[in-house]
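# Examination of the molecular architecture
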Amino acid sequence: MRVGIVPSTDGDVVEEIEGALGDEAEPTTSEDTGTVLDANPTVVVAVGEQAVTNLVRAGVSVPVLPVDAGPGLESVAPNDIEPAVADLLAGEWTTVDRPLLSATVDGEHVADALFDATLVTSEPARISEYSVRVAGEEVSQFRADAVVVATPTGSLGYAHDAGGPVVERGTGVVSVVPVAPFAIHVDNWVLRGPVTLAVERDEDAVELLADDRSVRPVRPHEPVEVAFDGSMELVSVESSRPFFDE
């Protein structure tokens, strides 16, 4: 069994994973996702949320076991590494597909995201005006610091912190949440995409983020379409956290 390990957090966790694998697997460990994937692993262990999102950007096509990767991913806690690795080696694991968001700007595909896609002003503490449309119909227009479109996986993260709902996995919907809206009453929405966002005023510069990584600037009235396209295969073992465990 070939196991890839992509670290982005505590090196002690990686050492524990390698120790638990022992001589029963061929590990390849690197922060460079290309190096790990080029070794043709059977499964990849991703340590930390950043390792998971790096694998998304690398186009990973093999199952991924998240370790210490935060809410929404049913990741394995560091103190459960030994039983989790034992389950991997024994073949006692299952997989579940998590949908990815594809973001296009004016018809050009620019990014994929496991958690969320966000329009936000480039300068902190600045607001802009955004619109949200679905199936050609305008949902709302509002002034806010940002607007985030989250998958069920991402609905337990930034979108939830901004006041959005937690969305059950497998529902095929996204949550759309204004961040710090400049109004007393502003809704958030659970929608079946594709969702189209736009910047409605030529004020402060706005950029598109995918899984908290800057992708590119977005000009006023330039349509940003966010839709499900593709998936990431996540590994689940007995010690994986429940989905709703925040």
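This text goes with the structure placed above it.
On a predicted model such as this, the values are computed, not experimentally measured, just so you know.

## Here's the deal with the overall build of the chain
Regarding its fold elements, the chain presents five helices and 16 strands. Taken against the 2.2 N^0.38 rule, which gives 18 Å for 246 residues, the C-alpha radius of gyration of the chain at 19 Å falls within 12% of a compact globule. Dimensions of the chain along its principal axes, counting C-alpha atoms only, are 60 × 30 × 30 Å. Burial status across the chain gives 47% buried among its 246 residues. Contacts in the chain between residues at least 24 apart in sequence constitute 66% of all its contacts with a sequence separation of at least 6. Carbon together with sulfur atoms contributes 44% to the accessible area of the chain, which is approximately 11,200 Å² in total. Across the chain, the mean location of the 13 positive side-chain charges is 10 Å away from that of the 45 negative side-chain charges.

## Here's the deal with unusual backbone geometry
A positive phi angle, near 55°, is found at N40, a position not held by glycine. In this structure, N40 sits in the loop between α2 (33–38) and β3 (43–47). What makes N40 exposed here is its relative accessible area of 52%. One non-glycine residue, A180, adopts positive backbone phi at about 50°. Mapped onto the elements of the fold, A180 is located in the loop between β11 (174–179) and β12 (189–191). By relative accessible area, which is 44% here, A180 ends up partly exposed.

## Looking at the pattern of salt bridges
A side chain with one charge may pair with a side chain of the opposite charge, provided their charged atoms come close. Following the criterion strictly, the structure yields ten salt bridges and no others. For the salt bridge of E138 with R133, the shortest nitrogen-to-oxygen distance reads 3.7 Å. Look at R133 and you get partly exposed, because its relative accessible area is 32%. With a closest N to O distance of 2.9 Å, R219 and E222 form a salt bridge. Residue E222 is classed as buried on the basis of its relative accessible area, which comes to 5%.

## Comments concerning the pairing of strand β1 (residues 2–7)
The element β1 is largely enclosed, with a buried count of five among its six residues. Sheet topology places β1 next to β3; five bridges connect them, and they run parallel. Following the sheet pairing, V3 is matched in β3 by V43.

## Regarding the packing of aromatic side chains
Taken as a whole, this structure holds three aromatic pairs when the rule is applied. Grouped by ring-pair contacts, the aromatic residues Y130, F142 and W189 constitute a single cluster.

## Thoughts on the sheet that holds strand β10 (residues 146–150)
Across the sheet, which stays open at both edges, the six strands sit in the order β12-β11-β10-β7-β14-β15 with antiparallel pairing between neighbours. Whereas interior strands pair on both sides, the edge strands pair on one side only; in this sheet they are β12 and β15 (213–218). For this sheet the average axis-to-axis angle between neighbouring strands, irrespective of direction, equals 20°. Examined bridge by bridge, strand β7 (residues 116–121) and β10 share five bridges and lie antiparallel to one another. Looking at the pairing, L119 lines up with V147 of β10.

## Describing the environment of V186
Mapped onto the elements of the fold, V186 is located in the loop between β11 and β12. Look at V186 and you get partly exposed, because its relative accessible area is 27%. Distance from V186 to A39, taken between C-alpha atoms, is 49 Å for residues 147 residues apart in sequence. Beyond its immediate sequence surroundings of up to four residues, V186 is in contact with P178 and P181.

## Section: the pairing of β7
The buried fraction of β7 is high, at six of six residues. What you see with β7 is no split at all: D116, T118 and V120 on one side and A117, L119 and T121 on the other are buried throughout. Two elements, β7 and strand β14 (residues 206–210), share five bridges in a ladder whose sense is antiparallel. The residue bridging V120 from the neighbouring strand is E207, located in β14.

Cut-offs applied
- Residues numbered from 1 in each chain as written.
- Predicted model: local features only at pLDDT ≥ 70, side-chain atom pairs only at ≥ 80, totals over all residues.
- Heavy atoms only, no water.
- Helix = DSSP H or I, 4+ residues; strand = E, 2+ residues; numbered from the N terminus.
- Rg over C-alpha atoms; globule rule 2.2 N^0.38 Å.
- Buried < 20%, exposed > 50% of the residue type's maximum accessible area, 1.4 Å probe, protein only.
- Contact = heavy atoms within 4.5 Å.
- Areas by Shrake-Rupley, 256 points an atom, 1.4 Å probe, with all protein chains shown as cover.
- Lys, Arg positive; Asp, Glu negative; His and termini not counted.
- Charge placed at Lys NZ, Arg CZ, Asp CG, Glu CD.
- Salt bridge = Lys/Arg side-chain N within 4 Å of Asp/Glu carboxyl O.
- Pairing = 2+ DSSP bridges.
- Phe/Tyr/Trp six-rings, centres within 6.5 Å; stacked < 30°, edge-to-face > 60°.
- Axes fitted to C-alpha atoms, helices over the stretch in contact; angles between N-to-C directions.

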